[in-house]
Structure formats: C-alpha cells, structure tokens
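Residue-level listing of the chains:
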Amino acid sequence: MRKFIISDRVARKLKGLDNEPAQPAKQEESAAAPEEKAAPEKRAFRVASRTDIGLVRRMNQDVVIVGEEIMGVADGMGGHKGGETASAGTRDGLLRILKGQEPAEDTLQDAIAEVNLALWNQQLEDNALTGMGTTLTVLWAGEESMVIG
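The rules behind the values
- Residues numbered from 1 in each chain as written.
- Predicted model: local features only at pLDDT ≥ 70, side-chain atom pairs only at ≥ 80, totals over all residues.
- Heavy atoms only, no water.
- Helix = DSSP H or I, 4+ residues; strand = E, 2+ residues; numbered from the N terminus.
- Buried < 20%, exposed > 50% of the residue type's maximum accessible area, 1.4 Å probe, protein only.
- Areas by Shrake-Rupley, 256 points an atom, 1.4 Å probe, with all protein chains shown as cover.
- Pairing = 2+ DSSP bridges.
- Salt bridge = Lys/Arg side-chain N within 4 Å of Asp/Glu carboxyl O.
- Core = buried A, V, L, I, M, F, W, Y, C linked by side-chain atoms within 4.5 Å.

**Comments concerning the overall build of the chain**
Thought 1: Across its full length, the chain carries three helices and five strands.
Thought 2: Scanning the chain from its N terminus toward the C terminus, one meets helices and strands in the order β-α-β-β-α-α-β-β.
Thought 3: Residues counted as buried form 26% of the 149 residues belonging to the chain.
Thought 4: Total accessible area on the chain is roughly 10400 Å²; 50% of this is exposed by carbon and sulfur atoms.

See the structure below:
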C-alpha cells in the first residue's frame, strides 16, 4: 500500500470541483453573508473503463471496481478455476467493507486481507473454485490523501 498526501488544489481538480485557470482573475466579493453562500457542488470522480477478453480465453474475468471514492480493477487469473468468482468477490467485498469509511492505508490493507480470507475459505469449500485468484489494483481517495494498493 502507498498513501499519497495531495494538496487541496489537486484534490479539487481530481474531483472536478476546480475548473479555474491556474492563476484566477481577482473576483468581486459577494455581498451575501458567508452562511448564505451556497456550498460548492460535490462531484464524483469521472471514471472510464474498458476490458478485453483477449485472444486465448473464452470468458472475460476482469471486473471494474467503482464506488463513491474507490476505483480499481480486479483481473481474474486466467488458466485457473474461478477467476471470475475471485474478481467479482473482491469487488463486492471491498465495496461492502469500505463503504462509509475514511481512506486509510491500514483500513485498505485490512479490507483486502479480509476479502482474501473469505475467498480462500470459499475455494476450500467448493472444488470447482480450487486455486482461484485475482490481481487487484485499487485507488481510494479522500479529501486530503489517497491510498493506492
């Protein structure tokens, strides 16, 4: 895991809240009292994705992970049984565990370990899934930092 501290300006730009030029022109102060000013609109990240089955496999085991502040991809390991189950289970587990939590390196690491244990136990109980696996790349963004795992 790696945690990155990002400046307020960068965070606002990433979330689509800051559309001002690099050096904004001076603007007149509003006559309205501070409590009467509208809060800036909160926008989510813009995410685009595309997966490809490739030339060898018959099934696409890639799963895109998109939550309010989390995004990533779980790529089921082709050539192993249950890759699609592992990637979908990783997505669903992470979104469930991390919902409503603040991004933190330890929290993400614990969530990944919890999902991994659940998938391990699932393949122990079902011979059709023995040896299943997935790769995972995930970004979890907060107001002042982001964690990449």
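**A short note on the pairing of strand β4 (residues 134-141)**
The two faces of the sheet receive side chains in turn, since in a regular strand these alternate between them.
Thought 1: Across seven bridges, the pairing between strand β3 (residues 70-76) and β4 is antiparallel. In the sheet register, A74 faces β4, and the bridge partner there is L136.
Thought 2: Relative to strand β5 (residues 145-148), β4 runs antiparallel, the two being bridged by three bridges. Following the sheet pairing, L139 is matched in β5 by I148.

**Some words on the pairing of strand β2 (residues 62-66)**
Thought 1: Burial of β2 is one-sided: the residues V63 and I65 facing one way are buried, the residues D62, V64 and V66 facing the other way are not.
Thought 2: The hairpin formed by β2 and β3 contains three residues between the paired strands.

**Some remarks on the pattern of salt bridges**
Thought 1: The final tally for this structure, using the stated rule, is one salt bridge.
Thought 2: Close ionic contact of R91 with D92 constitutes a salt bridge, the shortest N to O distance being 2.8 Å.
Thought 3: Looking at R91, the relative accessible area reads 26%, which means it is partly exposed.

**Observations regarding the nonpolar core**
In globular proteins that are soluble, nonpolar side chains generally tend to be buried together.
Thought 1: Counting 16 residues, the largest nonpolar core has L94, L98 and L108 as the members making the most contacts within it.
Thought 2: Among the elements of the structure, β3, α2 (83-98), α3 (105-125) and β4 are those that each provide at least two residues to this core.

**So, the environment of A48**
Thought 1: Position of A48 relative to the elements: it lies in the loop between α1 (8-14) and β2.
Thought 2: Expressed as a C-alpha distance, the spacing of A48 and V64, which sit 16 residues apart in the sequence, is 9.6 Å.

Coordinates in, geometry out; function isn't part of it.
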